[in-house]
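Below, each chain spelled out in residue letters.
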Amino acid sequence: MAMNPPRERGATGGNAYRERVDALKALELGDDTDFRRLTRMAGRLFDAPVAFLSLLVEGRQLFFARLGFERTEGPAAHSVCETLVNTPDLPWLVVPDAQADPRFAEGALVADAPFGRFWVGTPVLVRGQKVGALCVLAPEPREAPEETSLDELADLAALSGSLFELKDEARVRARMAAELIKEEWRHALTLEAGRVGSWVWDLRSGEIVGNDIFRRMFGLPPTGPLKVDDLRARIDGPDIPGVNAGLEAAFHEGTDYNVEFRVNATGRWLIGRGRVYQRDAAGRPLVMMGVNIDVTDARQAAEQTRLLLRELNHRVKNTLAMIQSIARQTLRRQPDPQQFIDSFSGRLRTLSEAHMLLADRDWSGIWLGELIRSQVEPYLAAPEQMILKGEDVELPPDHALGLGLILHELASNAAKYGALSAGTGRVSIGWEVNTTGGRRRLGLDWVESGGPAVTKPEEAGFGMRLIERSLDKVLDSSVRLSFSPGGVETHILMPLE
């Protein structure tokens, strides 16, 4: 049988060469049992001790699978593999004696172990590109084999090429699956971090699939099938019509589902958002997807803000009424403009400071020690003029405003006429909290000493009336003012609720 005519070595087209290299680079090559089996089958087919599957890469032969020798690579020059790859339309190549053939006598596997003389080879194609060859060889010359044996070798080579493609596709699918799993994990972690429940609703079966957050939002068990009726049963009754209206609009009008509702099982407020993503030929919805977002904290914050504004409006109205009363009484007692400004400004500043302290604490209350220091310290010539005795206690807003005015009047009077008008004077402020009848009550004593002798005024001025009446809005409270010769004493009693 005539041998196939060889083609001049190296005369490969540039595009074909690049396509072959690209095809090889796409394969993640490595030792593989399946290719070794094919190589052994090729050796047995020709009763040859040596067989291999070689790949041609950058002027080198890579012996990808081999039988009868240990070399893993060698030069491609003067090789059967190079000739098969670079010669178009060459289905196989038979060399009866390579040592006597000038084309191959200097080849790596001819001039060196395993010293092949009889060669049979056929090209291996991957995605239409010749990437190498399946060859068998023997150390002695032989006659050309039957064409049926050559066809069987070609079949093995074709099977090798298909196996390369299948394994490569399997690797690509595995990578894609791994990437998909990572993407799903990233998606799940993102939803978890954002506390977002996601769901898919199959409207044909009525079944809903949701993530763990979605189930927790509705107080559902972590596993088990879900039907839409299971969710409706957990939505607060007054909110169900709005949910149904939102779904109907999404089904029939194509609008996005966007509804806020409360879950009766958990008491949480949720926003449901979704869209119909699949419809049949008649436009009927088949699949709806969406998310739920927990907005309980936001609603509670908004409600707290509304309550705070209502409370603030109430406090402002009361304070304005108090300011008007103080202004009228001060003007009646102090008709001189400058004296009026001095007296009224101090009282107004007291209310302002109390309001600022309350505003800093969202009108939750003021600590008694802080209130005392804010009203008395401006009138001290030295810190030791004020002595505080008692465990600090928080005052409700109305109590703090009224007591702040009393402390201001006591301190300003002490600075003008009493203990704080002399450098040796002292003001002792002591208090304690007692519980009687289930109610906590504060008892506070203001005692002046070391100042000028004190006598009770013949007529009660506005400051005295303000001291005695500043707690009128605090039910069950009392203020008792006395003028002992050693200094003014005031006893204040009020509830803390």
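Predicted model only: the values in this text are computed from it and were never measured.

Caption draft 1: View of the pattern of salt bridges. Summed over the entire model, instances satisfying the criterion amount to 16 salt bridges. As a salt-bridge pair, Arg204 and Asp202 come within 3.3 Å of each other at their nearest N and O atoms. The partly exposed category is assigned to Asp202, whose relative accessible area is 26%. Each of Asp34, Arg37 and Lys167 takes part in salt bridges that share partners, so that together they form one network.

Caption draft 2: Spatial organisation of the confidence of the model for the protein. Averaged over the protein, the pLDDT score is 80; the fraction of residues at 70 or greater is 77%. Here helix α1 (residues 14-25) stands out as the element of the protein with the lowest mean pLDDT, 54, in contrast to strand β13 (residues 386-389), whose mean of 94 is the highest. Here residues 1-14 is modelled with pLDDT under 50, and outside its nearest four sequence neighbours on either side it reaches 27 contacts, counting other chains as well.

Caption draft 3: The sheet that holds β13, seen in detail. Reading across the sheet, the five strands line up as β13-β15-β16-β18-β17 and stay open at both edges, with mixed pairing between neighbours. In this open sheet, the two edge strands, each paired with only one partner strand, are β13 and β17 (478-484). With direction set aside, neighbouring strand axes in the sheet form an average angle of 15 degrees. Strand direction decides the pairing type here: β17 and strand β18 (residues 487-495), joined by seven bridges, are antiparallel.

Caption draft 4: Main features of the nonpolar core. Among the nonpolar cores identified, the biggest contains 35 residues, and Leu368, Ile372, Leu395, Ile429 and Trp446 are the most heavily contacted of them. Of all the secondary structure elements, the ones that give two or more residues to this core are α11 (368-376), α12 (397-416), β15 (426-436), β16 (439-449), α13 (462-469), β17 and β18. Per element, the largest residue contribution to this core is seven residues, and it comes from α12. When residues no more than four places from it in sequence are discounted, the contact partners of Ile429 are Ile372, Val376, Met386, Ile387, Leu388, Lys389, Leu444, Asp445 and Trp446. With 26 residues, the next largest nonpolar core counts Ala42, Ala48, Ala51 and Val131 among its residues.

Caption draft 5: Focus on the packing of aromatic side chains. This structure, assessed with the given rule, holds 10 aromatic pairs. Pairing Phe52 with Phe63 gives two aromatic rings, centres 5.3 Å apart and planes at 75 degrees, and the pair type is edge-to-face. Within this pair, whereas Phe52 is found in strand β1 (residues 50-57), its partner Phe63 is found in strand β2 (residues 60-67), the two being separated by 11 residues in sequence. Take Phe52 and Phe63: they sit in the same class, and that class is buried. Taken together, a centroid distance of 6.0 Å and an interplanar angle of 80 degrees make the contact between Phe52 and Trp119 edge-to-face. In this pair, Phe52 sits in strand β1 while Trp119 sits in strand β5 (residues 118-126), placing the two residues 67 residues apart along the sequence. Accessibility expressed as a relative area gives 0% for Phe52, which makes it buried. An aromatic cluster is present here, built from Phe52, Phe63, Phe69 and Trp119 joined pairwise through their rings. Directly above the aromatic system of Trp269 lies the positively charged group of Arg299, at a separation of 3.6 Å from the ring centroid.

What counts, and where the lines are drawn
Residues numbered from 1 in each chain as written. Predicted model: local features only at pLDDT ≥ 70, side-chain atom pairs only at ≥ 80, totals over all residues. Heavy atoms only, no water. Salt bridge = Lys/Arg side-chain N within 4 Å of Asp/Glu carboxyl O. Buried < 20%, exposed > 50% of the residue type's maximum accessible area, 1.4 Å probe, protein only. pLDDT = per-residue confidence, 0-100. Helix = DSSP H or I, 4+ residues; strand = E, 2+ residues; numbered from the N terminus. Contact = heavy atoms within 4.5 Å. Pairing = 2+ DSSP bridges. Axes fitted to C-alpha atoms, helices over the stretch in contact; angles between N-to-C directions. Core = buried A, V, L, I, M, F, W, Y, C linked by side-chain atoms within 4.5 Å. Phe/Tyr/Trp six-rings, centres within 6.5 Å; stacked < 30°, edge-to-face > 60°. Lys NZ or Arg CZ within 6 Å of the ring centre and 35° of its normal.

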